[in-house]
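Residue strings, one per chain:
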Amino acid sequence: MFTQYKYWYPYISPLDPCKPIRVKSYNTPPQLYIGFQPPGLAQFQSPRLALKHGTLWPQLYSPYPDPKGGSSSE
């Protein structure tokens, strides 16, 4: 099973004047892990739900921000 969230630990300089962010994270979209779109992929039940989630297919929905509380790289 894949994880949509990737983490890395940047170098922290001892001379950095700002408080360091020890762990940074970014998310990758689910479609990167699907080689092709299978026929008959389930769709959201209503156009309102699809618009709310930003995609027509629940398997391609990716929540934001990181549910584990990692900081964003942006």
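Residues numbered from 1 in each chain as written. Predicted model: local features only at pLDDT ≥ 70, side-chain atom pairs only at ≥ 80, totals over all residues. Heavy atoms only, no water.

**Student:** Describe the environment of Y11, listing the residues and the values that go with them.
**Tutor:** Its place among the elements puts Y11 in the loop between β1 (5-8) and β2 (24-27). Linking Y11 and I21, residues 10 residues apart in sequence, is a C-alpha distance of 9.6 Å. (Helix = DSSP H or I, 4+ residues; strand = E, 2+ residues; numbered from the N terminus.)

**Student:** Break down the packing of aromatic side chains for me, citing the residues and quoting the values.
**Tutor:** Applying the stated criterion to the full structure yields 1 aromatic pair. Consider the rings of W8 and Y26, whose centres lie 5.7 Å apart with planes at 55 degrees: the pair is tilted. With W8 in strand β1 and Y26 in strand β2, the pair connects residues that are 18 residues apart, well separated along the chain. Its relative accessible area of 33% is what places W8 among the partly exposed residues. (Phe/Tyr/Trp six-rings, centres within 6.5 Å; stacked < 30°, edge-to-face > 60°. Buried < 20%, exposed > 50% of the residue type's maximum accessible area, 1.4 Å probe, protein only.)

**Student:** Give me the confidence of the model for the protein chain: which residues, what numbers.
**Tutor:** When pLDDT is averaged along the protein chain, the result is 83, and 84% of the positions lie at 70 or above. The spread of mean pLDDT over the elements of the protein chain runs between strand β3 (residues 71-72), the lowest at 51, and helix α1 (residues 47-53), the highest at 92. (pLDDT = per-residue confidence, 0-100.)

**Student:** Help me get a handle on the environment of I21, residues and values and all.
**Tutor:** On the secondary structure map, I21 appears in the loop between β1 and β2. Measuring from C-alpha to C-alpha, the distance between I21 and Y9 comes to 8.5 Å, with 12 residues separating the pair along the chain.

**Student:** Account for the side chain of T28, with residues named and values stated.
**Tutor:** Within the element layout of this structure, T28 appears in the loop between β2 and α1. Among the residues examined, T28 registers a relative accessible area of 10% and is labelled buried. A polar contact of 2.9 Å, which involves the side chain of T28, links it to the side chain of Y33. Ignoring anything within four residues of it in the chain, the contact list for T28 reads T3, Q4, K6 and Y33. (Polar contact = N/O pair within 3.5 Å; in protein donor to acceptor, adjacent residues only side chain to side chain. Contact = heavy atoms within 4.5 Å.)

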